[in-house]
Amino acid sequence: MIRYLSAGESHGPELTVIVEGFPSNLKVSKADIDEQLRRRQLGYGRGRRMQIESDQVEITSGVRFGYTLGSPITMHVVNKDFKNWTEKMSVWDAPPENLKQVTRPRPGHADLAGAIKYDHEDIRNVLERASARNTATMVAVGALARQLLAHFGIEVAAHVVEIGGVTTSKMPEEWDEFVSVINQSQVRVADPNAESQMIVKIDEAKDRGDTVGGVFEVIVKGCPIGLGSHVHPDRKLDGRLAGALMSIQAIKGVEIGLGFEAAHRFGSQVHDPIGYNGIHYTRPTNGAGGLEGGVTNGEPIVVRAAMKPISTLYKPLNSVDMGTKAVEPAAVERSDYCAVPAASVVAENVVAWVIAEAFLDKFSGDSVEQIREWLTVYEQRVSRR
Ligand code: EPS
């Protein structure tokens, strides 16, 4: 079993995450984790914070000479912006005299419910931890999981398929080309026409003091048949993926394979016929998105998630000052206009973590060598079925 615990405020000294249960003897690369963190910071429509940060991970335990030890792995991501917040975010000092509390909750954010639930007068005590800044820790742990998956031939990539009503489903069929095209796009789409329209939409949101959301699709290739299980609700991989994706800030919907579209069709137009090519079972279509009964079926996993527009609006909606109870415009915090491309990178890494969990459930072992042995034996069994 692998698990992690993260901590850190958006403008505190750093984000910290400890990964426990990760197998030993995996050669890991700091550069690869940093590359995922860098990709998370990109995307047209990001705000000014991304010009301040250049996220990198520092590992202080669990790795020796570049190989995992099997012991807890501690990762730190420093907030460069903390130097501008030392008084306002001080751990020990009294609040500065000129401290301006945040008292007008932003509709759509955790502000109101969080302030009531935790008895805070200053909404900053909520928004610091609710901030999407914490997605850097999700990416750091996912980037580690991704290296484990790559070792066993499993790869993850995501592309944006909608921003603010501009849609595309275009993507190159060949995996490496797909990955390279997506990585070159400012909005992480493989369709130049849609890309320029999406950029216009993001500019429009910015000009209006508004924000815009969208949809991205994550694809996992190379999963063996049999990750997850049909036998109990909390072991179903589709449920685990949906839960993990919904835990990313601003995600309001998840669908797998045909998803909501399946509800409009007859069963014969949804399910994927089963064939056999003399070596293994085949599927001409992948409406199931690689998951049947909560179990991987050997086809690529295809999962989409919908992101709402970011809730900080430069032209704010009405809110209520929690001190005076007067109706006033909501607080304005520095924010992004569109973070859908960045969220797709977060999602890639979150999905990688969930797949690694399921992979290690199935091929459990304390070292990569033990895992390899189990996988080889299992692959031989599968080839006889
Ligand atoms: C983010 C960091 C935040 C925001 C954004 C994403 O930094 P700051 O609050 O200093 O500008 O830019 O977070 C939100 C949109 C949000 O609602 O919390 C990041 O690192 O991704």
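These numbers come from a predicted model, not from an experiment. (Residues numbered from 1 in each chain as written. Predicted model: local features only at pLDDT ≥ 70, side-chain atom pairs only at ≥ 80, totals over all residues. Heavy atoms only, no water.)

1. Let's talk about the overall build of the chain
The helix and strand inventory of the chain stands at ten helices and 17 strands. Taken along its principal axes, the extent of the C-alpha atoms in the chain is 75 × 50 × 40 Å. For the chain, the proportion of its 385 residues judged to be buried stands at 48%. Excluding contacts between residues fewer than 6 apart, the proportion of contacts in the chain whose partners are at least 24 apart in sequence is 70%. (Helix = DSSP H or I, 4+ residues; strand = E, 2+ residues; numbered from the N terminus. Buried < 20%, exposed > 50% of the residue type's maximum accessible area, 1.4 Å probe, protein only. Contact = heavy atoms within 4.5 Å.)

2. Quick notes on the pairing of strand E1 (residues 3–7)
The pairing of E1 with strand E2 (residues 14–20) spans five bridges and is classified as antiparallel. Counted as the bridge partner of Ser6 is Val17 from E2. The antiparallel pairing of E1 with E2 creates a hairpin that spans six residues between the two strands, and Gly8 there sits at a positive phi of about 130°. (Pairing = 2+ DSSP bridges.)

3. Re the packing of aromatic side chains
Counted under the stated rule, the structure contains seven aromatic pairs. Taken together through their ring pairs, the aromatic side chains of Phe152, Phe359, Phe363 and Tyr378 make up a single cluster. (Phe/Tyr/Trp six-rings, centres within 6.5 Å; stacked < 30°, edge-to-face > 60°.)

4. Description of the sheet that holds strand E15 (residues 301–307)
What the five strands build is an open sheet, ordered E8-E7-E9-E15-E10; its pairing is antiparallel. In this open sheet, the two strands that pair with only one neighbour each are strand E8 (166–167) and strand E10 (251–256). Pairing of E10 with E15 involves five bridges; the strand directions are antiparallel. Across the sheet, Gly253 pairs through a bridge with Ala306, a residue of E15. Its contacts with the sheet put helix H9 (residues 340–362) on strand E7 (155–163), strand E9 (214–221) and E15, and the angle it makes with E7 is roughly 145°. (Axes fitted to C-alpha atoms, helices over the stretch in contact; angles between N-to-C directions.)

5. Concerning the pattern of salt bridges
Using the criterion set out here, one finds 23 salt bridges in the structure. In this structure, Glu53 and Arg49 form a salt bridge, with 2.8 Å as the shortest nitrogen-oxygen distance. The two residues Glu53 and Arg49 agree in class, both being buried. Put simply, Glu292 and Arg283 hold a salt bridge, and the shortest N to O gap is 3.0 Å. Taking relative accessible area as the criterion, Arg283 reaches 18% and is therefore assigned buried. What emerges from the salt-bridge pattern is a single network uniting Arg40, Arg49, Glu53, Asp55, Asp81, Arg133 and Arg334. (Salt bridge = Lys/Arg side-chain N within 4 Å of Asp/Glu carboxyl O.)

6. A few points about helix H6 (residues 175–184)
Those residues of H6 lying buried are Trp175, Phe178 and Ile182. Here the buried residues of H6 occupy an arc of 60° about the axis, which is enough to place them on one side. Counted as exposed and oriented over 90 degrees from the buried face of H6: Asp176 and Gln184. Next to the buried residues of H6 lie E7 and E9. (Arc of directions from axis to C-beta.)

7. Overview of the site of the ligand
Neighbouring residues of the ligand: 13 residues in total, closest His11, Arg40, Arg49, His109 and Arg334. Separating an oxygen atom of the ligand from a side-chain N or O atom of Arg133 is a distance of 3.3 Å. Contact distances for the ligand include 2.5 Å between an oxygen atom and a side-chain N or O atom of Arg334. Alone, the ligand offers 470 Å² of accessible surface; in the complex the protein occludes 93% of this. Residues belonging to the shell around the ligand are distributed by class as follows: three nonpolar, four polar and six charged. (Near = heavy atom within 4 Å. Polar contact = N/O pair within 3.5 Å; in protein donor to acceptor, adjacent residues only side chain to side chain. Areas by Shrake-Rupley, 256 points an atom, 1.4 Å probe, with all protein chains shown as cover. Nonpolar A, V, L, I, M, F, W, Y, C, P; charged D, E, K, R; others polar.)

8. Some words on a positive patch on the surface
A cluster of basic side chains, namely Lys362, Arg381, Arg384 and Arg385, defines a positive patch on the protein surface. Within the secondary structure, Arg384 is located in the segment after helix H10 (368–383). (Patch = residues over 30% accessible without salt bridge, like charges linked within 9 Å, V, L, I, M, F, W, Y side chains within 5 Å. Lys, Arg positive; Asp, Glu negative; His and termini not counted. Charge placed at Lys NZ, Arg CZ, Asp CG, Glu CD.)

9. So, the sheet that holds strand E3 (residues 57–61)
Taken together, the four strands give an open sheet; going across it, the order is E1-E2-E6-E3, and neighbouring strands pair in antiparallel fashion. Edge positions in the sheet fall to E1 and E3, since each of these pairs with one other strand and no more. The average angle at which neighbouring strand axes cross in this sheet is 20°, direction not considered. Bridging between E3 and strand E6 (residues 73–78) involves four bridges; their strand directions are antiparallel. Within E6, the residue paired with Val57 across the bridge is Val77. Sheet contacts for helix H1 (residues 30–41): E3 and E6; angle to E3, the most-contacted strand, approximately 135°.

10. Focus: the nonpolar core
By size, the foremost hydrophobic cluster in this structure holds 79 residues, and its most contacted members are Met75, Ile163, Phe216, Leu237, Val351, Ile355 and Phe359. Sequence-distant contacts of Phe216, defined by excluding residues within four places in its chain, comprise His159, Val160, Val161, Ile251, Val303, Arg304, Ala305, Val340, Ala343, Ser344 and Ala347. (Core = buried A, V, L, I, M, F, W, Y, C linked by side-chain atoms within 4.5 Å.)

11. Here we look at a nonpolar patch on the surface
Together, Ile274, Tyr276 and Tyr281 make up an exposed nonpolar region whose accessible area comes to about 370 Å². By secondary structure assignment, the location of Tyr276 is in strand E11 (residues 275–276).

12. Regarding the packing of H1 against helix H5 (residues 135–151)
Packed helices, taken two at a time, are described by the angle their axes make and the gap between the axes. Running from N to C, H1 and H5 cross one another at 140°; their axes reach a closest spacing of 9 Å. When the axes of H1 and H5 are compared, the pair comes out oblique. Remark: the crossing between H1 and H5 carries right-handed chirality. For the pair H1 and H5, contact is made by Asp32, Ile33, Gln36, Leu37, Arg39 and Arg40 and by Thr135, Ala136, Val139, Ala140, Ala143, Leu144, Arg146 and Gln147, respectively. Along the lines of polarity and charge, the residues of the contact of H1 with H5 split into seven nonpolar, three polar and four charged. (Parallel < 35°, antiparallel > 145°, perpendicular 65-115°, else oblique. Left-handed = near helix turned anticlockwise from the far one by under 90°.)

13. What to know about helix H7 (residues 192–207)
With 16 residues, H7 should cover 22 Å at 1.5 Å per step; its first-to-last C-alpha distance of 23 Å lies within 8% of that length. Along H7, the residues that are buried comprise Ala194, Glu195, Met198, Ile199, Ile202 and Ala205. Within H7, the buried residues cover an arc of 140° as seen down the axis, which keeps them to one side. Turned more than 90 degrees from where H7 packs its buried face, Asn193, Val200 and Asp207 sit exposed. The inward-facing, buried residues of H7 contact E7 and E8. N-capping of H7 is provided by Asp191, with a side-chain oxygen placed 3.1 Å from the backbone N of Asn193. Positioned one or two residues after H7, Gly209 has a phi angle of 70°, which is positive. (Expected span 1.5 Å × (residues − 1).)

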